[in-house]
Amino acid sequence: AVKKQDYALAISYLEELPERSENAEKQLNQAIYQEAGRLAKAGSYQEAIDMMSRAPGYKDGDKLIQAWRYNLARQLMDEKRWAEAIPLLEEIEGYKLSARLLRKARQELEKEEQAKILEEQATEEQTEEMVEQAKETEELELEKEEQARDLVEQTQEIEEQAIEKEEQAKGTEEQEENGVE
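Notes on the structure in this doc start here. (Residues numbered from 1 in each chain as written. Predicted model: local features only at pLDDT ≥ 70, side-chain atom pairs only at ≥ 80, totals over all residues. Heavy atoms only, no water.)

1. Considerations on the layout of surface pockets
What the largest pocket holds in volume is close to 1200 Å³. Contributing to the lining of the largest pocket are 29 residues, with Tyr-33, Asp-60, Leu-64, Ile-163 and Glu-167 lying nearest its centre. Of all the secondary structure elements, the ones that give two or more residues to the lining of the largest pocket are helix H2 (22-41), helix H4 (61-78) and helix H7 (124-180). Among the elements that take part in the lining of the largest pocket, H7 stands out by supplying 11 residues, more than any other. Across the lining of the largest pocket, the residue classes break down as 9 nonpolar, 7 polar and 13 charged. In this structure, the second largest pocket occupies an estimated 670 Å³ of space. For the second largest pocket, the lining is made up of 20 residues, of which Lys-111, Glu-112, Ala-115, Met-130 and Ala-134 are closest to its centre. Breaking the lining of the second largest pocket down by element, the ones donating at least two residues are helix H6 (96-121) and H7. No other element matches H7, which puts 11 residues into the lining of the second largest pocket. Residues belonging to the lining of the second largest pocket are distributed by class as follows: 7 nonpolar, 4 polar and 9 charged. (1 Å grid on protein atoms, 1.4 Å probe; cavity = no way out; pocket = protein on both sides within 12 Å on 5 of 7 lines; lining within 4 Å. Points joined across faces, edges and corners; volume = space filled by probe spheres on them. Helix = DSSP H or I, 4+ residues; strand = E, 2+ residues; numbered from the N terminus. Nonpolar A, V, L, I, M, F, W, Y, C, P; charged D, E, K, R; others polar.)

Take a look at the structure:
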């Protein structure tokens, strides 16, 4: 199943083994790693996080989980699901832009809560004025978010390129080591 790249099937077979050899454990972790990557590429970040969590400490899986949490939080924020994004952002460690996003999510959630309170108290006329002001503010914030998204994408591309270069370097080192023996 691993050779056919049916990682989900390989995982189920390997997990059912009553006792796993070191090689079987390595194959299981590799299948989990590959399946989690496939899920993330499909945009199923929560499933990818759950999958990769089954192989703690394997390769760069912990870093990938952080990146996927970040991507999931961004997705939730794009859907204005601030309350769901906040716990994800709080779990992220060492991801530079997550602190800024966390602050923004908290501000947006607070704005929503304040807006609900004001909406309940405001008259129809006041509500219309607030809506106009909110629209103007939202347009400005959308512009800022778009700029931030562009920066995030650039940062992610750079990080992915760095990871690829690191993996290529490791592969070259392994080939050189194998060639020397």
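2. Quick notes on helix H1 (residues 7-16)
For H1, the set of buried residues is Tyr-7, Ala-10, Ile-11 and Leu-14. The buried residues of H1 occupy one face: seen down the axis, they fall within an arc of 100°. Counted as exposed and oriented over 90 degrees from the buried face of H1: Tyr-13 and Glu-16. (Buried < 20%, exposed > 50% of the residue type's maximum accessible area, 1.4 Å probe, protein only. Arc of directions from axis to C-beta.)

3. Some points on unusual backbone geometry
Even without being a glycine, Lys-59 presents a positive backbone phi close to 45°. Counting through the fold element by element, Lys-59 comes out in the loop between helix H3 (45-52) and H4. In this model, Lys-80 sits at a positive phi of 60°, which is unusual for a non-glycine residue. Inspection of the secondary structure assignment puts Lys-80 in the loop between H4 and helix H5 (82-91).

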